[in-house]
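Here is what each chain is made of, one letter per residue.
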Amino acid sequence: KVVEKPVEKVVEKVVEKVVTKNVSGVTVEFAQNKATLTNTAKAKLNTIEKGTTVCIDGFASPEGAKAYNQKLSQRRCDAVKAYLEERGVKVADVNAHGAAGKESQRVVYVSIK
């Protein structure tokens, strides 16, 4: 007697791929307790083309008082913003975060929109 096995159905799975905008940007590092742009920082910022729209997020390291770190991260954001706007870059949003946790660094992130 021949026993036939049922044929397995092949199920095609459709996997949706979420396509997100490629967000690139620049990280500007600062010396401890400083908000002055170095030549290296300026060179990084110079890679952003005139007319580009960016967002700025500034941070401070966790040393020092919370209020001071907030002001320091704001000064860093302001320095980056002024430099970029002087070069014709549009700044859409600025966020000074102070020291955002123990791992926070002395940086400003410039994200291209």
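Values in this document were obtained by computation on a predicted structure and should not be read as measured data.

**Some points on the overall build of the protein chain**
Then comes step 1: A count of helices and strands for the protein chain gives 2 helices and 4 strands.
Then comes step 2: Counting helices and strands in the order they occur from the N terminus, the protein chain gives β-α-β-α-β-β.
Then comes step 3: Among the 113 residues that make up the protein chain, the fraction classed as buried is 30%.
Then comes step 4: Taking as baseline every contact in the protein chain between residues at least 6 positions apart, the subset at least 24 positions apart corresponds to 79%.
Then comes step 5: In the form shown here, the protein chain has an accessible surface area of approximately 8,400 Å², with 51% of it arising from carbon and sulfur atoms.

**A few points about the pairing of strand S4 (residues 107-112)**
Consecutive side chains of a regular strand alternate in pointing toward one face of the sheet and then the other.
Then comes step 1: Examined bridge by bridge, strand S1 (residues 25-29) and S4 share 5 bridges and lie antiparallel to one another. When the sheet's bridge partners are listed, Thr-27 is paired in S4 with Tyr-109.
Then comes step 2: Here strand S2 (residues 53-58) pairs with S4 via 5 bridges, running antiparallel. Bridge pairing links Val-54 to Ile-112 in S4.

What counts, and where the lines are drawn
Residues numbered from 1 in each chain as written. Predicted model: local features only at pLDDT ≥ 70, side-chain atom pairs only at ≥ 80, totals over all residues. Heavy atoms only, no water. Helix = DSSP H or I, 4+ residues; strand = E, 2+ residues; numbered from the N terminus. Buried < 20%, exposed > 50% of the residue type's maximum accessible area, 1.4 Å probe, protein only. Contact = heavy atoms within 4.5 Å. Areas by Shrake-Rupley, 256 points an atom, 1.4 Å probe, with all protein chains shown as cover. Pairing = 2+ DSSP bridges.

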